[in-house]
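Analysis of the macromolecular model
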Amino acid sequence: MSGLHRRSFLKLAAGSAMLTGGAGWLAQAMAAGKIAPGGKDVLIVIDVQKCFIPGGSLAVDKGDEIVPLINAIAKKFENVVLTQDWHTPDHVSFASQHDGKKPFEAIQLGYGTQVLWPDHCVQGTEGADFAPGLSIPHATLVIRKGYHRDVDSYSAFLEADKKTLTGLGGYLKQRGVQNCYFVGLATDFCVGWSAIDARAAGFNAAVLEDACRGINLGGTGLEAAWKDMVAKGVKRIQSTDLA
Ligand code: VGL
Ligand code: ZN
């Protein structure tokens, strides 16, 4: 390839990486040192709900600490989506629905392994409300998930049957979003699964580690979740990486 052709090829390749979100998307965004979110970026705030903070039925350790940080991060994004875990009172993921089973045990369901939880985030109850102090008035969408009695949904994109879509991917695509940034609860469940499914749906994905807290099931769940996320192309970043 001649020098001239090589140069224009490189320019083309760089251009298409920017358009389609190749491996270098974050490096490009950070070329100026910090990430400055724009119209192609969305902040997805996962399940910052009363049940998941201290005092709630499925409290994540220090889950309340991230609320002020998330409020501050959200001010940097023009596009913000919130999610709510939103279960029926008799949801299949509740240990209370299975004779002889206790919370944090697992069972096999038609779609695979299901961890059983204390009753949490029941539709319309106080525990399903957003955590006190969460304040993101410019958020444009609240997506509820896990509302089918027989199917759980950690992911904001795809239910646990791996077939039923929540509609979030369609919404983001129609609004021209390419890059998803995740914060919230819990790192190793709803945040992690959502970030991995964002990649599967064709988005770039990054998790802001310091704006999340994990359940760390069995004492190893958190690191295993990070390994899985990183292997699937999810970037592990910090809130200080944002401009
Ligand atoms: C979650 C367990 C059960 C979460 C939701 O938001 O991470 N975890 N339901
Ligand atoms: Zn749940």
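Residues numbered from 1 in each chain as written. Chains lettered and ligands numbered in written order. Predicted model: local features only at pLDDT ≥ 70, side-chain atom pairs only at ≥ 80, totals over all residues. Heavy atoms only, no water.

Digging into the coordination of the zinc ion (ligand 2)
Reference geometry at the metal: tetrahedral coordination by four donors gives ideal angles of 109.5 degrees; octahedral coordination by six donors gives 90 or 180 degrees. Using the following cut-off: We call an atom a donor if it is N, O or S and sits within 2.8 Å of the metal, or 3.2 Å for Na, K and Ca. Water is not counted, so some sites may look partial. Working rule for geometry: tetrahedral if four donors all subtend angles between 85 and 135 degrees; square planar for four, octahedral for six, if opposite donors exceed 155 degrees and the others stay between 65 and 115; irregular in every other situation. Numbered from the N terminus, helices here are DSSP runs of H or I no shorter than four residues, and strands are runs of E no shorter than two. Only protein chains enter the accessibility calculation, which uses a 1.4 Å probe; a residue whose area is less than 20% of its type maximum is buried, one above 50% is exposed, and one in between is partly exposed.
Within the first shell, the zinc ion (ligand 2) binds the protein through D85 (OD), H87 (NE2) and H120 (NE2), at distances of 2.0 to 2.2 Å. The coordination sphere of the zinc ion (ligand 2) comprises four donor atoms, whose angles at the metal cover 88 to 172 degrees; the geometry is irregular. Each donor residue of the zinc ion (ligand 2) belongs to the same chain, and together they define the spacing D-x1-H-x32-H. In this pair, H87 is assigned in the loop between strand 2 (80-85) and strand 3 (106-109) and H120 in the loop between strand 4 (112-115) and strand 5 (141-145), connecting sequence segments 33 residues apart. The burial state of H87 is the same as that of H120; both residues are buried.

A short note on the site of ligand 1
Here is the rule we go by: One heavy atom within 4 Å of a molecule or strand is enough for the residue carrying it to be called near that molecule or strand. N or O atoms closer than or at 3.5 Å make up a polar contact, with two conditions inside protein: a donor-capable atom paired with an acceptor-capable one, and, for residues adjacent in sequence, both atoms drawn from side chains. Residue burial considers only the protein chains on display, and all accessible areas are found by Shrake-Rupley using a 1.4 Å probe. We call Asp, Glu, Lys and Arg charged. Ala, Val, Leu, Ile, Met, Phe, Trp, Tyr, Cys and Pro are nonpolar, and the rest, Gly among them, are polar.
Taken together, D47, F52, L58, D85, W117, H120, Y154, L185, A186, F189 and C190 make up all the residues around ligand 1. One nitrogen or oxygen atom from the side chain of D47 is found 2.7 Å from an oxygen atom belonging to ligand 1. Within the backbone of A186, one N or O atom sits 3.0 Å away from an oxygen atom of ligand 1. Within the complex, the protein chains bury 100% of what would otherwise be the 260 Å² of accessible surface of ligand 1. When the residues that make up the shell around ligand 1 are grouped by side-chain class, the tally is eight nonpolar, one polar and two charged.

Remarks on the packing of aromatic side chains
Here is the rule: Classification of ring pairs rests on two measures: the distance between centres of Phe, Tyr or Trp rings, Trp counted by its six-membered ring, which must be within 6.5 Å, and the angle between planes, read as stacked under 30 degrees, edge-to-face over 60 and tilted in between. Comment: the charge-over-ring label is applied if NZ (Lys) or CZ (Arg) is within 6 Å of the ring centre and within 35 degrees of the ring normal.
Within this structure, the stated rule accounts for eight aromatic pairs. Between W25 and Y181, the aromatic rings sit 5.9 Å apart at their centres with planes inclined by 70 degrees, giving edge-to-face as the arrangement. In this pair, W25 sits in helix 2 (residues 25-29) while Y181 sits in strand 6 (residues 179-185), placing the two residues 156 residues apart along the sequence. Take W25: its relative accessible area is 7%, and that puts it in the buried class. The exposure class assigned to Y181 is buried, which follows from its relative accessible area of 1%. Of the aromatic side chains, those joined through ring pairs into one cluster are F104, W117, Y154, F189 and W193. R144 extends its terminal NZ or CZ atom over the ring of W86, reaching a point 3.6 Å from the ring centre. A cation over a ring is seen here: R236 above W226, with NZ or CZ 4.3 Å from the ring centre.

As for the pairing of strand 6
Two faces make up the sheet, and in a regular strand the side chains alternate between them. What counts is decided by this rule: In short, DSSP must find at least two bridges between two strands for them to pair. The handedness of a crossover follows from its direction of travel: if, with the strands pointing away from the viewer, the path from the first strand over the helix to the second runs clockwise, the crossover is right-handed.
Among the seven residues of strand 6, seven are classified as buried, and the element is accordingly described as predominantly covered. Residues N179, Y181, V183 and L185 line one face of strand 6 and the alternating positions C180, F182 and G184 line the opposite face, and both faces are buried. Sheet analysis places strand 1 (residues 41-46) next to strand 6, joined by six bridges and oriented parallel. Note that in strand 6 the partner of L43 across the bridge is Y181. Handedness of the crossover is the feature at issue here: the chain leaves strand 6, passes through helix 5 (residues 187-200), returns alongside strand 7 (residues 204-213), and the resulting connection is right-handed.

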